[in-house]
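Observations on chain architecture
Below are the chains, spelled out letter by letter.
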Amino acid sequence: MSNIKLIIEERASNIGNFIVGRLLPFREKRMVGPFAFIDHMGPVVLSDHENLDVAPHPHIGLSTLTYLFKGSIMHKDSLGNEVEIKPGQVNWMTAGSGIVHSERTPEYLRHSDKMLHGLQIWVALPKDKEEMSPEFYHVEENEMPVWEAEGTSFKLIAGEAFGKKSPVPVFSPLYFLELKTTSRQKVKIGEHLYGESALYILEGAIESEGNIYEPKHILIAKDSQLCEFEMQEHTTVYIFGGEPFPEERFIYWNFVASSRELIENAKTKWLEQSFPRVPGETEFVPLPEQGKQIR
């Protein structure tokens, strides 16, 4: 999303019950269920003359989920929404046939020191929804289901799992969970998951089959029913996944689609500047070099 984005791609390891990589997508695994992309932003400290300024840019065929741990982002989009995203809230923007948005440091923070830390996630839309009208939804932290079980704190940020449902309006069977521990705990939750399943380590460490995994690693379960591991003290992980789509998804820049034609159409539309505009914004992010391939 900007020069503070952290994306590290390296060859994955195939260890026991897991495929282990650094963020998503990586070479051996491009999607987990409908989840197509994870960006761990920061943590980064911005001085009083440094600010987040992501100019208006387009999306198609996906929903974006922004979840902050620290800091604040002002979201503006072509539907006319202008919402400040604060830690613990969910910003859920569904692009569908096309939406444009900007992400900036709020005006009241632009001349002070601040920190930014969070996750941005792309969830591909099912084929019958990828050209739907764009939508936007904002969820407060106290609206999400939270509970305790065997020494572990759970929060269901999006989707359905454990017989609970998040208010985030998702479009296919999926889940995005936060697990926190203060003491060492064994976790066995495979029976509550479905489809494909993965785990991202934010802080602390987990152990599985004699292996120790530390922050910024994604562990993709070869079978979601095998989602059993031990969390060390003061560990936070995010478990995400769901039912995969029957069709392949192509990704180019900010565009996700089940066909290359939809992406080519979006590229032409952006070049012609015929996407809807964000009210009050005049900047324009150029389309990446034409040599950039659709994956």
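Computed from a predicted model, the values in this text were never measured in an experiment.

Regarding its fold elements, the protein presents 1 helix and 25 strands. The burial tally for the protein puts 56% of its 295 residues in the buried class. For the protein, the exposed area adds up to about 13,000 Å²; of that, 47% sits on carbon and sulfur atoms.

Moving on, we get to the pattern of salt bridges. Counted by the stated rule, this structure contains 9 salt bridges. Between E283 and R104 there is a salt bridge; the shortest N-O distance is 2.9 Å. Of this pair, E283 sits in the segment after α1 (260–271) while R104 sits in strand β10 (residues 99–104), placing them 179 residues apart in sequence. Looking at E283, the relative accessible area reads 44%, which means it is partly exposed. Judged by its relative accessible area of 14%, R104 falls in the buried class. The partner of E230 in a salt bridge is R184, and the shortest N-O contact between them spans 3.4 Å. Here the residue E230 occupies a position in strand β22 (residues 228–231), and R184 occupies one in the loop between β16 (174–181) and β17 (185–188), the gap between them amounting to 46 residues. What makes R184 partly exposed here is its relative accessible area of 36%. Several salt bridges converge on common partners, so that one network encompasses D53, R104, R110, E281 and E283.

The feature "binding site: Fe cation" (unreviewed entry), as annotated in UniProt, sits at H57, H59, H101 and E103 in this numbering. These annotated residues cover 47 residues of sequence, and their C-alpha atoms all fall within 13.4 Å of one another, placing them together at a single site. Tracing the backbone through its elements, the reader meets H57 in strand β5 (residues 53–59). Reaching out from H57, the side chain makes a polar contact with the backbone oxygen of A55 at a distance of 2.9 Å. Mapped onto the secondary structure, E103 falls in strand β10.

A few words now on the packing of aromatic side chains. For the coordinates displayed, the defined rule picks out 17 aromatic pairs. An angle of 80° between the planes, with centres 4.9 Å apart, marks the rings of Y175 and Y194 as edge-to-face. With Y175 in strand β16 and Y194 in the loop between β17 and β18 (196–203), the pair connects residues that are 19 residues apart, well separated along the chain. Members of the aromatic cluster, joined through ring pairs, are F35, Y67, F69, F176, Y238 and F240. A cation sits over an aromatic face here: K267 above Y252, 4.5 Å from the ring centre. Over the ring of F275 we find K269; its NZ or CZ atom is 4.7 Å from the centre of that ring.

The subject of this paragraph is unusual backbone geometry. The peptide bond linking G42 to P43 adopts the cis configuration, its omega dihedral lying at 5°. One can find P43 in strand β4 (residues 35–46). Look at K216: it is not a glycine, yet its phi comes out positive at around 75°. Mapped onto the secondary structure, K216 falls in the loop between β20 (211–213) and β21 (218–221).

How each quantity is defined
Residues numbered from 1 in each chain as written. Predicted model: local features only at pLDDT ≥ 70, side-chain atom pairs only at ≥ 80, totals over all residues. Heavy atoms only, no water. Helix = DSSP H or I, 4+ residues; strand = E, 2+ residues; numbered from the N terminus. Buried < 20%, exposed > 50% of the residue type's maximum accessible area, 1.4 Å probe, protein only. Areas by Shrake-Rupley, 256 points an atom, 1.4 Å probe, with all protein chains shown as cover. Salt bridge = Lys/Arg side-chain N within 4 Å of Asp/Glu carboxyl O. UniProt positions renumbered as here; feature names shortened; annotations may be inferred. Polar contact = N/O pair within 3.5 Å; in protein donor to acceptor, adjacent residues only side chain to side chain. Phe/Tyr/Trp six-rings, centres within 6.5 Å; stacked < 30°, edge-to-face > 60°. Lys NZ or Arg CZ within 6 Å of the ring centre and 35° of its normal.

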